[in-house]
Amino acid sequence: MNDFSLKRLNDTIRDVPDFPKPGILFKDITPVLADPEVFSIALDAMEEKVTGQRIDKIIGIDARGFIFGAALADRMKAGFIPLRKKGKLPYKSHEVSYSLEYGEATIEIHEDAVSPGERVYLVDDLLATGGTAAAAIDLIGRLKGDLVAVTFLVELAFLNGREKMKTPAPVHSILTY
Ligand code: AMP
């Protein structure tokens, strides 16, 4: 991925101050999705992180992780697995709860989504405090998936979310703030 493409990606992400609440600078990736060339740059960069490695399943986190994950799955000829907020998955599921800045959240995965030993690639749009991704890694472990790598389009490094990732798998981000 060359610097010109990364700059274009960076310049396309829109900063929205005070959303969803005062003090939060929201990184809005919808302009990336709306521009076919920039969306391709994002997908190329996420695909590049696992070049040459066999991937059976791509796991995307509710909801923006679905967009990148599903598009990558089609490119990489892998299956796509949605990791959803509680109460959305219809079939038998495993769940993990984690703490947010205020309160708790729970995410779920279908119990047959990943077979033991399958090679999985976890993706999401953004790493903030890391609670969501840590819960996702926990769920993948419960299904005995072999986590190959984790990639975020954006990492807010000042929140130290990376420290919560308890996995030997490499954790990548395309853009770091
Ligand atoms: P966390 O569990 O704190 O790492 O939060 C991660 C999830 O919250 C990601 O899936 C993001 O989509 C969303 N998120 C948190 N902070 C931001 C932010 N500043 N801008 C955009 N999305 C955010």
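Calculation notes
Residues numbered from 1 in each chain as written. Predicted model: local features only at pLDDT ≥ 70, side-chain atom pairs only at ≥ 80, totals over all residues. Heavy atoms only, no water. Buried < 20%, exposed > 50% of the residue type's maximum accessible area, 1.4 Å probe, protein only. Helix = DSSP H or I, 4+ residues; strand = E, 2+ residues; numbered from the N terminus. Pairing = 2+ DSSP bridges. Right-handed = clockwise from strand over helix to strand, strands pointing away. Near = heavy atom within 4 Å. Areas by Shrake-Rupley, 256 points an atom, 1.4 Å probe, with all protein chains shown as cover. Nonpolar A, V, L, I, M, F, W, Y, C, P; charged D, E, K, R; others polar. Axes fitted to C-alpha atoms, helices over the stretch in contact; angles between N-to-C directions. Contact = heavy atoms within 4.5 Å.

The subject of this paragraph is the pairing of strand β8 (residues 146-155). Counting buried residues along β8, nine of its ten residues qualify, which places the element largely inside the surrounding structure. Where strand β7 (residues 119-127) lies against β8, eight bridges are found, and the strand directions are parallel. Note on β8: the bridge partner recorded for Y121 is A149. Following the backbone out of β7, through helix α5 (residues 131-142) and into the adjacent parallel β8, one traces a crossover that is right-handed. As judged from the five bridges shared by β8 and strand β9 (residues 171-176), these two strands associate in the parallel manner. Bridge pairing in β9 places T151 opposite H172.

Taken together, 14 residues lie near the ligand, and R64, D124, T129, G130 and T132 sit nearest. The protein chains hide 83% of the 490 Å² of surface that the ligand would expose on its own. Sorting the residues of the shell around the ligand by element identifies β2 (25-28), β7 and α5 as the ones contributing at least two each. Class assignment for the residues of the shell around the ligand results in six nonpolar, four polar and four charged.

Before going further, it helps to examine the sheet that holds β9. Reading across from one edge, β5-β6-β4-β3-β7-β8-β9 is the order of the seven strands in this open sheet, with mixed pairing throughout. Lying at the two open borders of the sheet, with one neighbouring strand each, are β5 (93-99) and β9. Each strand axis lies, on average, 20 degrees off the axis of its neighbour in the sheet, ignoring direction. Two elements, strand β4 (residues 79-85) and strand β6 (residues 104-110), share two bridges in a ladder whose sense is antiparallel. Its bridge partner being in β6, K85 is matched across the sheet by I107. In the packing of helix α1 (residues 3-12) onto the sheet, the strands contacted are β8 and β9, and the crossing angle to β9 comes to about 75 degrees.

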